Amino acid sequence: MAPTHGSFAHPFSRRRMLTAGAAALGAAAIGTPAHAGPRAARPDLIPLPDGFRPEGIAIGRAPYAYLGSLGDGSIYRADLRTGEGKIISAGPGTPSVGLKLDDRGRLFVAARGEGARVVDARSGEILATYRLTTATPTFANDVFLTPRAAWFTDSFQPALYALPLGRAGALPAADDVVRVPLGGAWAQVPGEVVNANGITRTPDGSALLVVQSGVGALHRVDPRTGVTTLVDLGDAAPLTNGDGLLRDGRLLYVVQNRQNAIDVFRLAADGRSGVFLRRITDADFDVPTTAAAYQGRLYLPNARFTTAPTPETAYAVVAVPA
């Protein structure tokens, strides 16, 4: 297995892992794609293949959303302008959960009990696979990218995992995974209960933010030590069933799947506190799990966890104003 969190000191430092370059920030910013042109009417509901079972979604600078299947792990690409799409990577037979797209056209995919994999978004080729831990049970649930690392949450183990990226984004070797145990305010709920789920970073880039679904709490995580502190969200209700996190500047969007809602907060720069601003809901929500942004809109896949999945079950992506 990989070294523990002590290895963060050098050369894999917190600043190198968390400080964003301008290109990375531009790709993630809401409403500022590199080649945004005149906006034609875009569909509010994008159908996915029957039986697809989506969970994660990723959007880069171009008007395409990438979605992973909880069923066989296939990757689907949808055109946000037309709603049309196709499978670009046939699944390996294991789940694709959270996913993120980097500016090199690579999808980093959390693969539940199978760890993680990296997929070429153009060819669909699997570029690398990683076993994140030997502990059981394990559930690699979500992923967040910085210029120096890909960070993964584990919903069944009190730890984060980092894939350190080399020069020009070079992928690490299989045994270079870094495990960071979670401590401090973190209290793991035992058993196969969803704990660590969505992940992003603070506005100033100094720490990570992780939502703990089972208790509805938001944690600020020191990436060197794994020590967490609870983010003070004032009088806001618990983040019940908190799932995907999306941050734009100091705005934090928290998807709460079975609540069919997104809560929006304004964070302090260091992420230690936040103020509730509003709740976004939509009649088309049916247990949305994660969110990605493009040209002033949020796109969320309906996972439909309260509906028994069959090969004929219909799924879709819902678009709402950000």
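You'll find the structure just up there.
Presented here is a report on the structure given in the accompanying data block. Only a predicted model underlies this, so the values are computations on that prediction, with no experimental measurement involved.

### Quick look at unusual backbone geometry
Each neighbour pair has its own omega, and for Thr136 with Pro137 the value is -5°, a cis peptide bond. Inspection of the secondary structure puts Pro137 in the loop between strand S9 (126-130) and strand S10 (140-146). Although it is not a glycine, Val287 sits at a positive phi angle of roughly 60°. Within the chain, Arg304 stands out as a residue other than glycine whose phi angle is a positive 55°. Mapped onto the elements of the fold, Arg304 is located in the loop between strand S24 (297-301) and strand S25 (315-321).

### Points about the sheet that holds strand S23 (residues 292-294)
With antiparallel pairing, the four strands of this open sheet are ordered in space as S1-S25-S24-S23. Only two strands of the sheet have a single partner each, and these edge strands are strand S1 (45-48) and S23. Adjacent strand axes in the sheet meet at a mean angle of 25°, parallel and antiparallel pairs treated alike.

### With respect to the packing of aromatic side chains
For the structure shown, the criterion picks out three aromatic pairs. Ring centres 5.7 Å apart and planes at 70° place the aromatic pair Phe265 and Phe276 in the edge-to-face group. Taken together, the positions of Phe265 in strand S21 (residues 261-267) and Phe276 in strand S22 (residues 274-280) put the pair eleven residues apart, joining distant regions of the chain. Overall, Phe265 belongs to the buried group, its relative accessible area being 0%. Positioned above the aromatic ring of Tyr64 is the side chain of Arg77, whose terminal nitrogen or guanidinium carbon lies 5.2 Å from the ring centre. In this arrangement the basic side chain of Arg112 is found over the ring face of Phe139, its NZ or CZ atom lying 4.1 Å from the centre.

### Notes on the side chain of Thr138
Along the polypeptide, Thr138 turns up in the loop between S9 and S10. Judged by relative accessible area, which is 19%, Thr138 ranks as buried. Looking at Thr138, its side chain comes within polar contact range of the side chain of Asp154, at 2.7 Å. Excluding anything up to four places from it in sequence, Thr138 contacts Arg112, Gly113, Thr133, Asp154 and Phe156.

### Some remarks on the sheet that holds S21
Spatially, four strands are ordered S19-S20-S21-S22 in an open sheet, and the strand pairing comes out antiparallel. Sheet topology places strand S19 (242-248) and S22 at the edges, where each strand pairs with a single neighbour. Looking at each pair of strands side by side, their axes are set apart by 25° on average, direction ignored. Examined bridge by bridge, S21 and S22 share six bridges and lie antiparallel to one another. Residue pairing for S22: Phe265 is matched across the bridge by Phe276.

### Some details on the environment of Ala159
Tracing the backbone through its elements, the reader meets Ala159 in strand S12 (residues 159-164). Once the C-alpha coordinates of Ala159 and Leu182 are considered, the two residues, 23 residues apart in sequence, prove to be 5.0 Å apart. Leaving out residues up to four positions away in the same chain, Ala159 has contacts with Asp154, Arg179, Val180, Pro181 and Leu182.

### Some remarks on the environment of Ala41
Mapping Ala41 onto the fold places it in the loop between helix H2 (22-28) and S1. By relative accessible area, which is 76% here, Ala41 ends up exposed. A C-alpha to C-alpha distance of 8.8 Å links Ala41 and Thr82, two positions 41 residues apart in sequence.

What counts, and where the lines are drawn
- Residues numbered from 1 in each chain as written.
- Predicted model: local features only at pLDDT ≥ 70, side-chain atom pairs only at ≥ 80, totals over all residues.
- Heavy atoms only, no water.
- Helix = DSSP H or I, 4+ residues; strand = E, 2+ residues; numbered from the N terminus.
- Pairing = 2+ DSSP bridges.
- Axes fitted to C-alpha atoms, helices over the stretch in contact; angles between N-to-C directions.
- Phe/Tyr/Trp six-rings, centres within 6.5 Å; stacked < 30°, edge-to-face > 60°.
- Buried < 20%, exposed > 50% of the residue type's maximum accessible area, 1.4 Å probe, protein only.
- Lys NZ or Arg CZ within 6 Å of the ring centre and 35° of its normal.
- Polar contact = N/O pair within 3.5 Å; in protein donor to acceptor, adjacent residues only side chain to side chain.
- Contact = heavy atoms within 4.5 Å.

Limitation: the analysis is restricted to geometry and does not speak to function.
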